[in-house]
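Architecture and fold: a report
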Amino acid sequence: MEYRQLGGAGLRVPVLSLGTATFGGEGEFFKAWGGSGAAEATRLVDICLDAGVTMFDSSNVYSGGLAETTLGKAIKGRRNRVLISTKGSFRSGEGPNDVGSSRYHLVNAVEDSLRRLGTDYIDLYQMHGFDAGTPVEETLSTLDDLVRAGKLRYIGCSNFSGWHLMKSLAASDRHGWARYVAHQAYYSLVGRDYEWELMPLALDQRVGAVVWSPLGWGRLTGKIRRGQPMPTVSRLRSQTVVDLGPQVSDEHLFAVMDALDAVAADTGRTVPQVAINWLLQRPSVSTVIIGARTEDQLRQNLGATGWALSGEHVARLDAASAVRPAYPYWHQRGFVERNPPPV
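These figures come from a predicted structure and were not determined experimentally.

1. Focus on the overall build of the protein
Regarding its fold elements, the protein presents 13 helices and 10 strands. Radius of gyration (C-alpha) of the protein: 20 Å, near the 20 Å computed for a compact globule of 343 residues. With respect to the principal axes defined by its C-alpha atoms, the protein has extents near 55 × 50 × 35 Å. Within the protein, the fraction of its 343 residues that count as buried is 57%. Long-range contacts, defined here as pairs at least 24 residues apart, represent 78% of the contacts in the protein between residues at least 6 apart. Of the roughly 15200 Å² of accessible surface on the protein, 51% is carried by carbon and sulfur atoms. Averaging the locations of the 36 positively and 35 negatively charged side chains of the protein gives two centres separated by 3 Å.

Pasting the structure below:
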């Protein structure tokens, strides 16, 4: 397994991490993703460790915290062999302060996650979303205190806009606080918005991308194609999941699938393996979070490493998945094309 530096941090992470959204299966939304119990999760962790995948990603809201509890049971007795990545800031209770990135909520959320995970420290703790109601200084000073207390090793964010991330990085630099070294972001062949602003920012500020949903919310499994019915087992059968996730037109999806099928045939790889390998060649990507309901799915996804797409194949996938950027990115692209930097 290849390891890469996590942004500008000294921490090295495997290029693939295992997501735990499939652990627990509590509620309609997460039940559609999976429902692995402790025994199943332990087996998945065993397979990952045998393959060199040592990082496991969770959140305090996955199945109402049950995913963290299940992960804690699955790694029991081998904490020193794994990296735990989890997230906070989404609503975790009924109280008025049980949501957001305030000092009150973050301290409680971290303590609760530590208890569920059965550990006394978290390797990478990320803000699951940007809380515009809390000053970034309050959030970052709290995270810095938790780092200094030894409860968190590194901090990151997730689903931030460019200005959210840059404002936070500037505050950390100004005050000498711990800095976000990772940005957990949605990125796939059917969702390339990350490239427009977040990727250039990540490269400039040395923030590693921790990619979630690399198969486009379950669309790039190889089971959804033009003229075929929806698979019997798919998270996309849940309207709740569809409504809350990224929207992709059928024609764009089918165009990308046509290219994926062709590249998969050329390389002798599966569609998911090709889609994930494409991501591993993108700038700023430190690790890609893979998910699995079954051992077979996990082993297939692990096959995305140890080889590389050719330049020709990458170009074919790039062309099939390209969309016109939103403003101001299309305007900025035009400026660069008309005014190339001197060689």
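2. Observations concerning the packing of helix α2 (residues 38-51) against helix α11 (residues 295-302)
It is at 10 Å that the axes of α2 and α11 come closest, and there the two elements cross at 20°. Taken together, the axes of α2 and α11 lie roughly parallel to each other. With respect to the hand of their crossing, α2 and α11 are arranged in right-handed fashion. Counted together, Arg43, Leu44, Ile47, Cys48 and Ala51 of α2 and Glu295, Leu298, Arg299 and Leu302 of α11 form the full contact between these two elements. In terms of residue class, the contact of α2 with α11 is made up of 6 nonpolar, no polar and 3 charged.

3. As for empty space enclosed by the protein
One pass over the structure, following the stated rule, counts 1 cavity of 30 Å³ or more. If you add up the space inside the largest cavity, you get close to 60 Å³. What lines the largest cavity is simply Ser101, Phe130, Asp131, Thr134, Val136, Thr139, Phe160, Ser168 and Tyr180. The class makeup of the residues in the lining of the largest cavity is 4 nonpolar, 4 polar and 1 charged.

4. Here we look at the pattern of salt bridges
For side chains bearing opposite charge, pairing can occur when the charged atoms are close. The full count for this structure, using the stated rule, is 18 salt bridges. Salt-bridge contacts for Glu251 lead to Arg226; the nearest nitrogen and oxygen are separated by 3.7 Å. On the criterion of sequence distance, the pair formed by Glu251 in helix α9 (residues 250-267) and Arg226 in the loop between β9 (208-212) and α8 (239-244) is long-range, its members being 25 residues apart. Of the residues examined, Glu251 reaches a relative accessible area of 54% and is grouped as exposed. Members of the salt-bridge network, linked through shared partners, are Arg192, Glu195, Arg282 and Asp318.

5. Points about the sheet that holds strand β7 (residues 152-158)
Pairing is parallel in the closed barrel, where 8 strands are placed in the order β3-β4-β5-β6-β7-β8-β9-β10. For this sheet, the mean inter-axis angle between neighbouring strands, taken without regard to orientation, is 30°. Two strands pair when backbone bridges link them, and β7 and strand β8 (residues 180-186) are joined in this way by 4 bridges, in the parallel orientation. Counterpart to Ser158 in the pairing with β8 is Gln184.

6. Quick notes on α11
Residue pairs spaced three or four apart in an α-helix point in one direction, given the helix's 3.6 residues per turn. Turning to α11, its buried residues number three or more, namely Leu298, Asn301 and Leu302. On an axial view of α11, the arc spanned by its buried residues comes to 100°, and they lie on one face. Where the residues of α11 are buried, they touch β3 (16-19), α2, α10 (271-280) and β10 (285-290).

7. Brief notes about the pairing of β7
β7 sits mainly inside the fold: 5 of its 7 residues count as buried. One ladder, built from 5 bridges, connects strand β6 (residues 122-127) with β7; its direction is parallel. Each bridged residue has a counterpart across the sheet, and for Ile122 the counterpart in β7 is Leu152. After leaving β6, the chain enters helix α5 (residues 136-148) and then returns to the sheet as β7, a path that is right-handed. At this point the chain moves from β7, through helix α6 (residues 162-175), to the parallel β8, and the crossover so formed is right-handed.

8. Re the environment of Thr42
The topology assignment puts Thr42 in helix α2. Relative accessible area serves as the criterion here: at 23%, Thr42 is assigned to the partly exposed category. Linking Thr42 and Ala74, residues 32 residues apart in sequence, is a C-alpha distance of 4.2 Å. Discounting residues that sit within four places of it in the chain, Thr42 has contacts with Lys73, Ala74 and Arg78.

9. Side note on the packing of aromatic side chains
Tallying each qualifying case throughout the model produces 10 aromatic pairs. On the basis of an interplanar angle of 65° and a centroid distance of 5.9 Å, the ring pair of Trp212 and Trp217 is categorised as edge-to-face. Residue Trp212 is classed as partly exposed on the basis of its relative accessible area, which comes to 21%. Each residue in the set Phe130, Phe160, Trp163 and Tyr180 is aromatic and connected to the rest through ring pairs, giving one cluster. The ring of Tyr121 is capped by Arg79, whose NZ or CZ atom sits 4.0 Å from the centre of that ring. When the ring centre of Tyr121 is taken as origin, the NZ or CZ atom of Arg153, which lies over that ring, is 3.8 Å away.

Procedures and definitions
- Residues numbered from 1 in each chain as written.
- Predicted model: local features only at pLDDT ≥ 70, side-chain atom pairs only at ≥ 80, totals over all residues.
- Heavy atoms only, no water.
- Helix = DSSP H or I, 4+ residues; strand = E, 2+ residues; numbered from the N terminus.
- Rg over C-alpha atoms; globule rule 2.2 N^0.38 Å.
- Buried < 20%, exposed > 50% of the residue type's maximum accessible area, 1.4 Å probe, protein only.
- Contact = heavy atoms within 4.5 Å.
- Areas by Shrake-Rupley, 256 points an atom, 1.4 Å probe, with all protein chains shown as cover.
- Lys, Arg positive; Asp, Glu negative; His and termini not counted.
- Charge placed at Lys NZ, Arg CZ, Asp CG, Glu CD.
- Axes fitted to C-alpha atoms, helices over the stretch in contact; angles between N-to-C directions.
- Parallel < 35°, antiparallel > 145°, perpendicular 65-115°, else oblique.
- Left-handed = near helix turned anticlockwise from the far one by under 90°.
- Nonpolar A, V, L, I, M, F, W, Y, C, P; charged D, E, K, R; others polar.
- 1 Å grid on protein atoms, 1.4 Å probe; cavity = no way out; pocket = protein on both sides within 12 Å on 5 of 7 lines; lining within 4 Å.
- Points joined across faces, edges and corners; volume = space filled by probe spheres on them.
- Salt bridge = Lys/Arg side-chain N within 4 Å of Asp/Glu carboxyl O.
- Pairing = 2+ DSSP bridges.
- Arc of directions from axis to C-beta.
- Right-handed = clockwise from strand over helix to strand, strands pointing away.
- Phe/Tyr/Trp six-rings, centres within 6.5 Å; stacked < 30°, edge-to-face > 60°.
- Lys NZ or Arg CZ within 6 Å of the ring centre and 35° of its normal.

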